[in-house]
Amino acid sequence: MMHPEAGTVAEAQASYRPAELAGAREAVLAARQADTNVLVRGSGSKLRWGARPAGERPWSVIDTRALNRLIHHEPGDMTATVQAGMPLHELQEQLAVAGQELAVDPPRAARGATVGGVYVANDAGPRRLAYGGIRDLVIGTTVVLADGTVGRSGGTVIKNVAGYDLNRLWCGSLGTLALVVEMTVRLHPRPEASRTVLIPASAGDATAFVLDVLASPVECALLEWSAPAPTQPQDPLIMNTNRPHRSISVHDQRGQAGGGGWLLVGLEGRAAGLDARVDQLVDVARRHDLAAEPADGEDGLWDAWREAHAGTAGDDGAEGEAEGETVARAATLPSQLADVAGGLHRAADASGVEARLHSHAGLGLHDAIITGADPAAHAATVTAWREHVCALGGSVVVRDRPDGLDGLVDPWGEPRSAQLVKLSRSVKRALDPEGRFAPGRFLGGL
Amino acid sequence: MVKSELQRDLLDILGADGLVTEWAQRRTYEADGLAAYRSVPALVALPSSADDVAAVMRACVRHGVPVVPRGAGTGLSAGALPHPEGVLIVMSRMHRILDIDPVNQRIVVEPGVTNAAISRAVSEHDLYYAPDPSSQIVCSIGGNLAENSGGAHCLKYGFTTHHVLGCELVLPDGETVELGSSTLDPPGYDLRGVLVGSEGTLGVVTKITLRLLRRPEAVRTLVADFESPAAAGVAVSAIVAAGIVPAAVEMMDNLAIQACEEDAAAGFDVSSGAALIVELDGPAAECDAAFAETVALCQESGSTAIRVADDPQERALVWKGRKAAFAAMGRLAPDYFVQDGVIPRTRLGECLARIAEMAAEADLRVANVFHAGDGNLHPLVLYDSANPGEGERAESLSARIAELCVEFGGSLSGEHGIGVDKACSMPTMFGADDLAVMDRVRAAFDPAGRCNPDKVLPTPRLCGEKPGPYRPHPLEAAGVIERL
Ligand SMILES: Cc1cc2nc3c(=O)[nH]c(=O)nc-3n(C[C@H](O)[C@H](O)[C@H](O)COP(=O)(O)OP(=O)(O)OC[C@H]3O[C@@H](n4cnc5c(N)ncnc54)[C@H](O)[C@@H]3O)c2cc1C
């Protein structure tokens, strides 16, 4: 069974694969000339995010994957300008030559997730704790609006307040406002060294520990909590990246001490001083009666924990396991981790589904992977969990999901206010007055 | 008459002590920190609550009158320049701290709270608010949000936009909307991100939720002297290339050092060609290691003397000297223009040489104080307004320096904003279409164009009919990137 958005791609009346800005503009104009709506896609790993696009017009697809060049890298200034369809992992390989990186680590990079796709979906990984999200790292953009207007904002220097910061507007807009063609990004030096510590901890213990770590001088690069611990990724594409994955299933057993939950704490920085920082971290754990174990030899551990946030789905039109899986993202305050986890498990038990929780605990971002039973049960779980999380002042957004879920639960949830929808609509109309870019995909039916 | 009716309406909302009507009193608000631009507002409103602001806004809509928000009035681009027929909404009475959540490291404040008061309010929890503009003792957090203000320590910790999680905004039509949230990534477009740095043109901010940081375990500071700013620039590049991310890297040239020394006696060597202040912070063990490396890199880059300012008092003195730099210019010349431009850090030496040439041609002195880590220059053009024509020469030199930064591939402004001052220079950095897209976003918030009109984006009224010359970005000129 095809997901509706994958269907849109398959049924598209025209498909464009521009390789330059001029071609990207021509594609947008041609789609308009043919009176079609436009779905922009990169590798396709997040095509399911947002609501199902809807609209009277037939569809054109603009595929960004030929926009795949690193245009300019200025190592001395730690900036780079890149075309939006470049796979993130290819960009990282090129930057690594100069010992630099774009400090984002979203899931699915190994499967070809593009820099622009990560940006437009505002996707992120565990290291966001240390470096901020991609919205904090994009300092300039060139976009094409639905009427063919090419707009540039920001620039090529890190510090810059000239004009509106539209770079932030495109981030997370899921292709509903403009086609992002080029991005200038801020880079970081690749960390000299890193350390990893695994700690079995229940959600309650983990919450107290996380808050204490945040209040301590230990600066963490990542601070994750998962129940159960992510095991070796099953996906063959991941296996193909030639990274050996040592099985960590043994942790599942040890994790019983923590009710099946595990903390993964990563430190990065200069080699000198890292030992002392690990000691400080272990001290905090000891104060909480938690057993911290170094896990530095475990290659692929960070990879497994990162990929777990995306569930097993991800590929365009993927069949099999991913079909029955719902991935929902909650955002709360870091102090609410245990409450979020408790709410999920009550909701899952009530609906008879399995639910795993992978949490960027230091950031208050939590991904639930719901499997088993049928879409109605998934929908009931999401609805109950969402009610709980919203009562805490947070939000729940559904990302990947089985086809049957649409119509049973709104992937966005209730907008926080009518004023917000009104203002968002007026921004959408100002930039895309004919409503061509993925109409219906965004919050508020935009 | 419209004004008297509006005045009656505002009086009902704000009471007599919340509305300034007398000309002499209104005049005290005629300029912000850039006093070259002056205009007396028709009325000055002093709201005490978000409801007041919304009611004032609605009254202005009814009477078709423009509004201009104002914080503490320290802005340096005439962003808070009043409109002669409009209402100036001054946020100084809205200075309450509404909520502190030390556990989640967040604070909710009204916009009139000063930047420094925020860090003071949370210091007992070992937390602080990171962006630290030199004006932090007086400038308001609402003004910081509107300008996306920076400070010396933004190199490592980011600018205002990285620390504003959410806010409440009274839109130009008088409706109130919450943007962002106390959590990360609330569903919807990141309109909070658009609002930060919009210079009061999208509405009036009435409440702000901020992220706080834990005080670093260790702080190490040094002052390294160099023969010239270009030599100091080499050291900066070496530090960055070594993978060290200092909390702050600030530079002063000889003229600036002289002024600071006279003003603050902070112990800078007045014979030095350039002083580089480098501050590292973070976990103690890491900080110490990186500090030793930094000292070595400064020496290898030709530093003539290095002073380590490790005790807190000495460190405070160094920063007092640096932060007094603008004020201290009064010691060197009766008048000066502060410029604010950004260049790619790697082109520092080249750019300073050009500025020196331009200064010599104009027969004026230029002192340089800057955030060297991120290439944010603050050339101070000194002049004496008593000498006929000197003011004009200085102004023109200052404007050309900003445009020079754009030519070098940088920006017209790193932190002081565009306001009125640079609106007509925007076409040197952005093409007409780029500006049109920004204008479309502005109109989505403010279709009637009533909020802080004639700021940020060039208008025919402000700049004449002819748009300024757009010069292609250097990468564009070189054919590396393309406009179309
Ligand atoms: C000596 C000195 C040193 C300085 N150093 C620095 C520095 O290191 N870094 C730096 O970035 N800046 C610096 N500045 C500039 C200035 O202090 C900042 O721009 C500051 O953020 C302005 O705050 P304010 O409260 O004075 O705002 P104002 O000057 O009153 O207003 C600035 C802008 O914000 C808008 N605004 C104010 N409040 C609101 C609100 N509630 N809602 C919507 N819009 C609003 C106004 O309309 C205006 O456009 C310095 C200024 C001086 C005089």
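Residues numbered from 1 in each chain as written. Chains lettered and ligands numbered in written order. Predicted model: local features only at pLDDT ≥ 70, side-chain atom pairs only at ≥ 80, totals over all residues. Heavy atoms only, no water.

**Brief notes about the overall build of chain B**
We count it as follows: Only DSSP runs of H or I covering at least 4 residues are called helices, and only runs of E covering at least 2 are called strands; the numbering of each starts at the N terminus. Each residue is assigned to one of three classes by its accessible area relative to the maximum for its type, calculated with a 1.4 Å probe on protein chains only: buried under 20%, partly exposed between the two thresholds, exposed over 50%. What makes two residues a contact is simply this: any of their non-hydrogen atoms within 4.5 Å. By the counting rule applied here, Lys and Arg register as positive and Asp and Glu as negative, while His and the ends of each chain are not counted. Charge positions are represented by NZ for Lys, CZ for Arg, CG for Asp and CD for Glu.
Of the regular secondary structure elements, chain B holds 18 helices and 19 strands. Along the first, second and third principal axes, the C-alpha set of chain B runs to 70 × 55 × 50 Å. Counting across all 484 residues of chain B, residues that qualify as buried make up 62%. Taking as baseline every contact in chain B between residues at least 6 positions apart, the subset at least 24 positions apart corresponds to 72%. Charge separation in chain B, taken as the distance between the mean sites of 40 positive and 65 negative side-chain charges, equals 4 Å.

**What about the interface of chain A and chain B?**
Interface size is commonly expressed as the accessible area that is lost once the parts come together. To be explicit about the condition: Throughout, the accessible surface (probe 1.4 Å) given up by two parts as they are put together, summed over both, is called the buried area. Any Lys or Arg side-chain nitrogen located within 4 Å of an Asp or Glu carboxyl oxygen qualifies as a salt bridge. Whenever a nitrogen or oxygen atom comes within 3.5 Å of another N or O atom, the pair is scored as a polar contact, on the condition that within protein one atom can donate a hydrogen and the other can accept it, and that pairs from neighbouring residues in sequence are kept only if both atoms are in side chains. Any residue that is not Ala, Val, Leu, Ile, Met, Phe, Trp, Tyr, Cys, Pro, Asp, Glu, Lys or Arg is counted as polar, Gly included; the first ten are nonpolar and the last four charged.
Each partner contributes residues to the interface: chain A has 84 residues there, and chain B has 97 residues. Between chain A and chain B lies a buried interface of about 7300 Å² when both sides are counted; carbon and sulfur atoms form 59% of it. Remark: the boundary between chain A and chain B carries nine salt bridges. Inspection of the region where chain A meets chain B yields 34 residue pairs in polar contact (both at pLDDT 80 or more). Among the elements that take part in the side of chain A that touches chain B, helix H14 (residues 418–431) of chain A stands out by supplying 10 residues, more than any other. Broken down by class, the residue content of the side of chain A that touches chain B amounts to 37 nonpolar, 26 polar and 21 charged.

**Quick look at the site of the ligand**
Residue and element names in this part refer to chain B. Let me state the cut-off plainly: Working definition: residue near molecule or strand if any one of its non-hydrogen atoms lies within 4 Å of it. Residue burial considers only the protein chains on display, and all accessible areas are found by Shrake-Rupley using a 1.4 Å probe.
Within the structure, the ligand sits among 33 residues, and Pro69, Thr74, Gly75, Ser135 and Ser140 are positioned closest to it. Between an oxygen atom of the ligand and a side-chain N or O atom of serine 135, the distance comes to 2.6 Å. Residue serine 140 places a side-chain N or O atom 2.6 Å away from an oxygen atom belonging to the ligand. In isolation the ligand has 980 Å² of accessible area, and contact with the protein removes 93% of it. Broken down by secondary-structure element, the contributors of at least two residues to the shell around the ligand are strand E3 (67–70), helix H5 (141–147) and strand E10 (204–211). Of the residues forming the shell around the ligand, the biggest block, five residues, is contributed by H5. The residue makeup of the shell around the ligand, split by class, is 12 nonpolar, 17 polar and four charged.

**Side note on the confidence of the model for chain A**
To keep things clear, this is the line we draw: For every residue, the pLDDT score states the predictor's confidence, bounded by 0 at the bottom and 100 at the top.
Per-residue confidence for chain A averages 90 on the pLDDT scale, and 89% of its residues sit at or above 70. Segment residues 232–257 of chain A: pLDDT under 50, and 45 contacts once partners within four positions in sequence are set aside and those in other chains are kept.

**So, the sheet that holds strand E2 (residues 43–45) of chain B**
Residues and elements named next belong to chain B. What counts, and what does not: Here, any two strands with at least 2 DSSP bridges between them count as paired. Axis definition: a line fitted to C-alpha atoms, over the contacting stretch in the case of helices. Angles run 0 to 180 degrees between N-to-C directions.
Taken in spatial order, the four strands make up an open sheet running E1-E2-E4-E3, and their pairing is mixed. Looking along the sheet, the strands with just one partner apiece sit at the ends: strand E1 (19–20) and E3. Bridge count for E1 against E2 is two bridges, and the pairing is antiparallel. When the sheet's bridge partners are listed, valine 20 is paired in E2 with valine 44. Across the sheet, helix H3 (residues 50–63) is in contact with E2, E3 and strand E4 (87–90); its angle to E4 comes to roughly 170°.

**Notes on unusual backbone geometry**
Note the cis peptide between Ala227(A) and Pro228(A), where omega equals -5°. Tracing the sequence through the fold places Pro228(A) in the loop between strand E12 (222–227) and helix H8 (236–239). At Asn122(A), a position not held by glycine, the phi torsion is positive, near 50°. Mapped onto the secondary structure, Asn122(A) falls in the loop between helix H4 (115–120) and helix H5 (128–131). A positive phi angle, near 50°, is found at Asp185(B), a position not held by glycine.

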